[in-house]
Amino acid sequence: MSSVFLAAVLAGSALCAISYIFVAVTGAPVWLGLKTFLITWVADVTVMTVGLTILHAIIRFVPVVHCRLQNEIRKFVLYCSLALLVGCAGLVAMVVKDVQVGRDFWTLLLVIALIGLPTILMVGLSVRQSRAILVRAITASVVLILTANGVYFAIDQQYAAEIKQRSTQFKNTIPSIFLLVMDTARSDHFSCNGYQFPTTPHIDRIAAEGANWPNAFSAANWTPPGHISIFTGKYPIQHGNNGKPYMPEELLSLTEVLRQEGYYCVSMYENPLAGKSINLTQGFDYDFGVLHNSWIYTIPLRLWDKLAYNDDGAYVTFATAQRVYDWVTQKGGHPFLYVNIAEPHVPYRANQPYFDHFTKGLDRSKVGDLSRIWDLCVTRDLILQDSVRFAGLTEESIAYMRAVYDSELAYDDEHFGRLTEWMHTTGNLDRTLMIITADHGEVLGEHWTMGHEYTLFKPAVHIPMIMRYPGAIKPAQRDEYVSNVDIFPTVLYLMSRQDLIPSDVAGMDMLSLNPSTARPLISSNLHRGGQFSLLTNGYKLILSREENNRQYSLPDTLLYDLSNDLHEIADLHITQNEQSEKMLTQLNDWVDRYYVATTDSVQISSEALENMKALGYVH
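The text that follows walks through the structure, step by step, so that each part is easy to find.

**Examining the overall build of the protein**
Then comes step 1: Across its full length, the protein holds 18 helices and 17 strands.
Then comes step 2: In the protein, which comprises 619 residues, the share counted as buried stands at 59%.
Then comes step 3: At a minimum sequence separation of 6, the contacts of the protein that also span at least 24 residues come to 74%.

**A few points about a nonpolar patch on the surface**
Then comes step 1: A contiguous nonpolar surface patch, about 440 Å² in accessible area, is contributed by Leu134, Val135, Ile138, Val142 and Leu146.
Then comes step 2: In this fold, Val142 is placed in helix 6 (residues 132-167).

**Topic: empty space enclosed by the protein**
Then comes step 1: All chains considered together, the criterion is met by two cavities of 30 Å³ or more.
Then comes step 2: Here the largest cavity is characterised by a volume of approximately 70 Å³.
Then comes step 3: Looking at the largest cavity, it is lined by 13 residues, and the ones nearest its centre are Trp222, Pro225, Pro236, Gly243 and Leu526.
Then comes step 4: Residue composition of the lining of the largest cavity, by class: five nonpolar, seven polar and one charged.

**Re the side chain of Asn212**
Then comes step 1: Turning to its location among the elements, Asn212 is positioned in strand 2 (residues 211-212).
Then comes step 2: A residue is classified by how much of its surface remains accessible, and Asn212, at 3% relative accessible area, is buried.
Then comes step 3: Setting aside chain neighbours within four positions, we find Asn212 in contact with Cys192, Asn193, Ala207, Met465, Ile466, Ala476, Gln477 and Arg478.

**Some details on the sheet that holds strand 14 (residues 521-525)**
Then comes step 1: With antiparallel pairing, four strands are arranged side by side in an open sheet as 14-15-16-17. The open sheet has two edge strands with one neighbour each: strand 14 and strand 17 (557-561). Sheet twist, expressed as the average angle between the axes of neighbouring strands with direction ignored, equals 15°.
Then comes step 2: One ladder, built from six bridges, connects strand 15 (residues 531-536) with strand 16 (residues 539-544); its direction is antiparallel. Note that in strand 16 the partner of Ser533 across the bridge is Ile542.

**Digging into the nonpolar core**
Across soluble globular proteins, you tend to see nonpolar side chains buried next to one another.
Then comes step 1: By size, the foremost hydrophobic cluster in this structure holds 158 residues, and its most contacted members are Ile177, Phe336, Tyr338 and Leu433.
Then comes step 2: With 16 residues, the single largest contributor to this core is helix 1 (residues 3-27).
Then comes step 3: Each residue touching Ile177, except ones within four places of it in the same chain, is listed here: Leu258, Tyr263, Pro335, Phe336, Leu337, Thr432, Leu433, Ile435, Val491 and Met495.

**Remarks on the packing of helix 1 against helix 6**
Then comes step 1: Packing of helix 1 against helix 6 brings their axes to within 9 Å, and their N-to-C directions diverge by 10°. What the angle tells us is that helix 1 and helix 6 run roughly parallel. Of the residues in helix 6, those touching helix 1 at Leu6, Val9, Leu10, Ser13, Ala14, Ala17, Tyr20, Ile21, Ala24 and Val25 are Ile133, Leu134, Ala137, Ala140, Ser141, Leu144, Thr147, Ala148, Asn149, Val151, Tyr152 and Ile155.
Then comes step 2: Residues of the contact of helix 1 with helix 6, tallied by class, amount to 18 nonpolar, four polar and no charged.

**Concerning the pattern of salt bridges**
Then comes step 1: Summed over all chains, the structure comprises 16 salt bridges.
Then comes step 2: Arg402 is the partner of Glu446 in a salt bridge, and the nearest nitrogen-oxygen pair spans 3.4 Å. Of this pair, Glu446 sits in the loop between strand 8 (443-444) and strand 9 (450-451) while Arg402 sits in helix 14 (residues 395-425); the two residues are 44 residues apart in sequence, bridging distant segments of the chain.
Then comes step 3: For Glu446, a relative accessible area of 18% gives the class buried.
Then comes step 4: Residue Arg402 is classed as partly exposed on the basis of its relative accessible area, which comes to 26%.

**A closer look at the packing of helix 1 against helix 2 (residues 34-59)**
Then comes step 1: Running from amino to carboxyl end, helix 1 crosses helix 2 at an angle of 140°, the nearest separation of the two axes being 8 Å. Of the possible angle classes, the one that applies to helix 1 and helix 2 is oblique. Remark: the crossing between helix 1 and helix 2 carries right-handed chirality. Residues Val4, Phe5, Ala7, Ala8, Val9, Ala11, Gly12, Ser13, Leu15, Cys16, Ser19 and Tyr20 of helix 1 pack against Thr36, Phe37, Thr40, Trp41, Asp44, Val45, Met48, Thr49, Leu52, Thr53 and His56 of helix 2.
Then comes step 2: Counted by class, the contact of helix 1 with helix 2 contains 14 nonpolar, eight polar and one charged residues.

**Examining the pairing of strand 4 (residues 264-269)**
Then comes step 1: Taking burial as the measure, the six residues of strand 4 include six buried ones, the bulk of the element.
Then comes step 2: Judged by which residues are buried, strand 4 turns out to be covered on both faces: Tyr264, Val266 and Met268 on one side and Cys265, Ser267 and Tyr269 on the other are all buried.
Then comes step 3: In the sheet, strand 4 pairs with strand 5 (residues 286-289) via four bridges, with the strands oriented parallel. Paired with Tyr269 across the bridge in strand 5 is Gly289.

**What about helix 10 (residues 299-308)?**
Then comes step 1: Those residues of helix 10 lying buried are Ile299, Pro300, Leu301, Arg302 and Asp305.
Then comes step 2: Where helix 10 ends, the next residue or the one after it, Asn310, has phi of about 45°, a positive value.

**Some points on the pairing of strand 1 (residues 176-182)**
Then comes step 1: Across the seven residues that make up strand 1, a large majority, seven, are buried.
Then comes step 2: Across six bridges, strand 1 lies against strand 7 (residues 432-437) in parallel orientation. Across the sheet, Leu179 pairs through a bridge with Ile435, a residue of strand 7.
Then comes step 3: Of the strand pairs in this sheet, strand 1 and strand 6 (residues 335-341) are connected by six bridges, and their pairing is parallel. Each residue of the ladder has a partner; that of Leu180, found in strand 6, is Val339.

Cut-off values and rules
- Residues numbered from 1 in each chain as written.
- Predicted model: local features only at pLDDT ≥ 70, side-chain atom pairs only at ≥ 80, totals over all residues.
- Heavy atoms only, no water.
- Helix = DSSP H or I, 4+ residues; strand = E, 2+ residues; numbered from the N terminus.
- Buried < 20%, exposed > 50% of the residue type's maximum accessible area, 1.4 Å probe, protein only.
- Contact = heavy atoms within 4.5 Å.
- Patch = residues over 30% accessible without salt bridge, like charges linked within 9 Å, V, L, I, M, F, W, Y side chains within 5 Å.
- Areas by Shrake-Rupley, 256 points an atom, 1.4 Å probe, with all protein chains shown as cover.
- Salt bridge = Lys/Arg side-chain N within 4 Å of Asp/Glu carboxyl O.
- 1 Å grid on protein atoms, 1.4 Å probe; cavity = no way out; pocket = protein on both sides within 12 Å on 5 of 7 lines; lining within 4 Å.
- Points joined across faces, edges and corners; volume = space filled by probe spheres on them.
- Nonpolar A, V, L, I, M, F, W, Y, C, P; charged D, E, K, R; others polar.
- Pairing = 2+ DSSP bridges.
- Axes fitted to C-alpha atoms, helices over the stretch in contact; angles between N-to-C directions.
- Core = buried A, V, L, I, M, F, W, Y, C linked by side-chain atoms within 4.5 Å.
- Parallel < 35°, antiparallel > 145°, perpendicular 65-115°, else oblique.
- Left-handed = near helix turned anticlockwise from the far one by under 90°.

As structure tokens, this is what we get:
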């Protein structure tokens, strides 16, 4: 057996052990097991073998080097050390690219030191005779394999004990809860809500079997406050952070309540501003920042998803959700899974075959300059109040951009469908309270605008709201005006634990509401000042309460009659001044009554600030 192959086996075994242990320690062992280990080991050894074979062939044509490597021991030591160094460098590069540098990065370096250095030291010191290479290499490889699987088994048993202990507290009638928050998803682009294209066929089936609220609105127009409102049942002015992207420790999260009730709580989020960096994971037993905060895969699986699936996030996130669900339930637990999907947030990507289908009837010759179109689709400005940016764009141009956005929704729906099909096949779907919503919407050309950050127009805050749980939720399309602050109390009412709802929660039980548009709903934009909207009785008032907001070209006061003007075209503020004043008084009284002052403990972490810059929220 050649020293080249033995070096590849040992280096591949060491690299496999390093990545396996790193995933087990930092990412929880949901993706690990015998199958994953074998795939990783075979892939790592194969890559090492191919690489060293090519290197060996090249060296044969370099006489000076070739002469120095006639000794099998020297050749084995050099090849093994070089292969391991290159492999570790590649692993570090992938982790740095996919995971924000922090504690996990230093953990990786520690694992490399604990596994890699002894391996290289053993190679250099233990092999004294060429006949010992075979025995030493195989022995060391077996030790590495056993070590990696031993660490995995120990960590998996630790998690199993925690999950089992938590399940002893469980006394509820709903075995599992699944909360899906689709970042930047506007309700009227869901086919279950009457959209012209079949963007969400799998979500449509869930909606048909549960309750669907087409008139749902977010409490905020951007990610952090939208998510915090979902988990606390409170409007942004009640968060006590003065619009800062951080959830104060004092706020009671739905997760903390569910954890006390015996659920094992796991979060999976693509958008880093929907997780740990804003303290949204307060109360969770474990959180996966799937694309930014956690390394959940070994190298072969990670590369396979990137290359074979051209994944934009939804594939790996929903696949991980399935594994976590199966992992928790097999260990006797009751999962509460929170899943955040970043698509269709900018930058948009044209996902096939959906994009071609949605543009089938579009005359592309009238679309115009595609470079300009894509500049708008991937802009980091997020919002374009300057109508000059839209000069020369045709209706076809706007339709093209909307088709890109729609293809992102369809891409999410495809992978959500795979998850729900698995849940149905395994009998888990009917045992799960399924909740589908969004943190906010997206403006797609309306009002000469793209994005969501600076505006409270309907597309920016109009969100999906779907809940399914057979037996407790009757299939129906409901016409009530609802908000994402209603999720917190509705879940607890379904659990018959309404006694756990804090008295200052603004949300209501959506399932007990009578069909009416009279209920007042508040949306706010505190990220760029103090802009609020009040929606009640079919009227919507938008106003700015702070003078410095005018620099963003926001309106002082706007009034729309949504019952006759769905697209918010005709401003009635002047012609119906009495209605404006009435709603203005109502809104001001509400804001003054519920405003919670900022606490000194609220600080924006450097991680959150970097995430905001990456997503274009700050410049």
